[in-house]
Amino acid sequence: RTMSVPTTMKAVVVEQTGGPEVLQYKTEYPVPTPKDGQLLVRNNISGINFIDTYFRTGLYASPKPEILGREGAGVVAAVGPNTTGFAVGDRVAWLSNGGYAEYTAVPAGKTVKIPEGISDEDLMASFLSGLTVLSFAKETYAVQKGDWVLLHAAAGGAGFLMTQILKSIGAHVIGTAGGEEKCALVKSLGADVVIDYRSEEGKDWVKKVKEVTGGRGVDVVYDSVGKDTWEGSLEAVKRKGTVVWFGNASGPVPPIPLPKLSPKCVKIARPTLFGYIETREEFEYYTNELFRLLKSGELKVKIHKIYPMEDIKQVHQDLEGRKTMGKPLIKP
Ligand code: NDP
């Protein structure tokens, strides 16, 4: 089978680092050609992740000009040389770079066929974020039934899924989120305790965590907020507990003097999803687990909103302005 592919496409390009204003929506950008081991995917829907803002600002280095966006779902439009396992027309999802575009050339090794019964939208609401929470709850720290877990930004793209995964394991979840609406959402997922860490009452969330854990602290903290929460997270963890830092929503965690960990024998981790899905076997292990959870309905997704691609500046403003709940998506 073949599919006719145009020579130009709509895409969002970043030529230099900066605020949302550097996101340039172009209508006649060249369509890439798939190289060895690659597929050309016509994206139906692409995921927006907080990491996209790090590449935009330069917090994480990447070559420019760059098309941001680390995941997409759509249809294989062309198969590159020496690429096996996929055919034109296959419904697929991928993890790579360049999702803010109608077409993306992606490595077949990080592409999967989407099973029947799972929509592109539901998968994009749970693909990068879902694989993250599944691997972090299993490998960074193996969450056990009965553990007390503190999860920051629990109403976010990753947080919404993590809350459910933690509850399904049988952990006690203390979720933080900003504002009543987000807190209600987290509560509706079965979180045991929800703290509005932006409210007057919730500002001292460390004290509240100590209270609800009988003074002991939590077994593990999952902290993707970073700069604003890292110190509290170290205080809120129990003796012999683990703190997992995995994001910089408020800015990066500064270098930590190791002696800070000694008094409570704390373990710390700073994982990245890509380190857990490097091999095809690892990638398929977590994607299959995600597919199972989505198909069975055990994992619910929440799409904040599907934005048209030309509204990309607004998407970044909403995400960085803490206005989103669940996952923002764009329609290329
Ligand atoms: P979210 O949808 O969770 O958005 C970020 C949330 O962080 C906001 O909604 C907000 O929630 C909270 N937040 C707290 N302080 C700030 C601040 N100063 N500015 C902006 N937001 C703030 O994003 P994602 O689901 O895409 O990602 C969540 C986090 O996980 C990010 O830090 C991301 O980098 C990280 N991540 C890391 C991965 C890895 O491999 N290491 C993989 C995937 C995600 P509230 O209003 O409730 O405070």
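None of the values given here were measured: they were computed from a predicted structure. (Residues numbered from 1 in each chain as written. Predicted model: local features only at pLDDT ≥ 70, side-chain atom pairs only at ≥ 80, totals over all residues.)

Student: What is the right way to read helix α4 (residues 157-169) from this model?
Tutor: Since the α-helix packs 3.6 residues into each turn, any two residues three or four apart lie on the same face. The first and last C-alpha atoms of α4 sit 19 Å apart over 13 residues, in line with the 18 Å expected at 1.5 Å per residue. For α4, a buried count of ten out of 13 residues is recorded, marking the element as mostly surrounded by other parts of the structure. Buried residues along α4 sit in contact with α3 (128-140), β9 (148-151), β10 (172-177), α5 (180-188), β12 (218-223) and β16 (327-331). One or two residues past the end of α4 sits Gly170, with phi positive at roughly 100°. (Helix = DSSP H or I, 4+ residues; strand = E, 2+ residues; numbered from the N terminus. Expected span 1.5 Å × (residues − 1). Buried ≥ 20, exposed ≤ 12 C-beta atoms within 10 Å, placed from the backbone. Contact = placed C-beta atoms within 7 Å.)

Student: Is there a simple way to think about the environment of Ile45 in this case?
Tutor: Examined against the element boundaries, Ile45 turns out to sit in strand β3 (residues 38-47). The sequence separation of Ile45 and Ala155 amounts to 110 residues, and the corresponding C-alpha distance is 22 Å. Not counting residues within four places of it along the chain, the set of residues in contact with Ile45 comprises Ala73, Asp120, Glu121, Met124, Leu329 and Lys331.

Student: Sorry if this is basic, but what is going on with the sheet that holds strand β14 (residues 267-269) here?
Tutor: Note: strands within a sheet are paired through backbone hydrogen bonds, in either parallel or antiparallel orientation. If you walk across this open sheet you meet the six strands as β11-β10-β9-β12-β13-β14, and the pairing is parallel. What marks the edges here is a single partner per strand, and that holds for β11 (193-196) and β14. Within the sheet, the average angular offset between the axes of one strand and its neighbour, ignoring direction, is 15°. Pairing of β12 with strand β13 (residues 237-245) involves five bridges; the strand directions are parallel. Bridge pairing in β13 links Val218 to Val237. Helix-sheet contacts for α5 involve β10 and β11, and the interaxial angle to β11 is about 170°. (Pairing = 2+ DSSP bridges. Axes fitted to C-alpha atoms, helices over the stretch in contact; angles between N-to-C directions.)

Student: Sorry, what's going on with the pairing of strand β1 (residues 8-14) here?
Tutor: For a regular strand, the rule is simple: side chains alternate between the two faces of the sheet. Inspection of the sheet shows β1 paired to strand β2 (residues 23-30) by six bridges, in the antiparallel sense. Across the sheet, the residue bridging to Val12 is Tyr25, located in β2. In terms of strand pairing, β1 meets strand β4 (residues 66-67) through two bridges, oriented antiparallel. Bridge assignment links Val14 to a residue of β4, and that residue is Glu66.

Student: I would appreciate a short explanation of the nonpolar core in the present structure.
Tutor: Val149 and Val218 are the most contacted members of the largest nonpolar core, which has 101 residues in total. Discounting residues that sit within four places of it in the chain, Val218 has contacts with Trp148, Val149, Leu150, Ile174, Val209, Thr213, Ala236, Val237, Lys238 and Gly241. (Core = buried A, V, L, I, M, F, W, Y, C linked by C-beta atoms within 7 Å.)

Student: What should I look at first to understand the sheet that holds β4 in this one?
Tutor: Taking strand neighbours across the sheet as the criterion, the three strands line up as β2-β1-β4 in an open arrangement whose pairing is antiparallel. Single-partner strands in this sheet number two, and they are β2 and β4.

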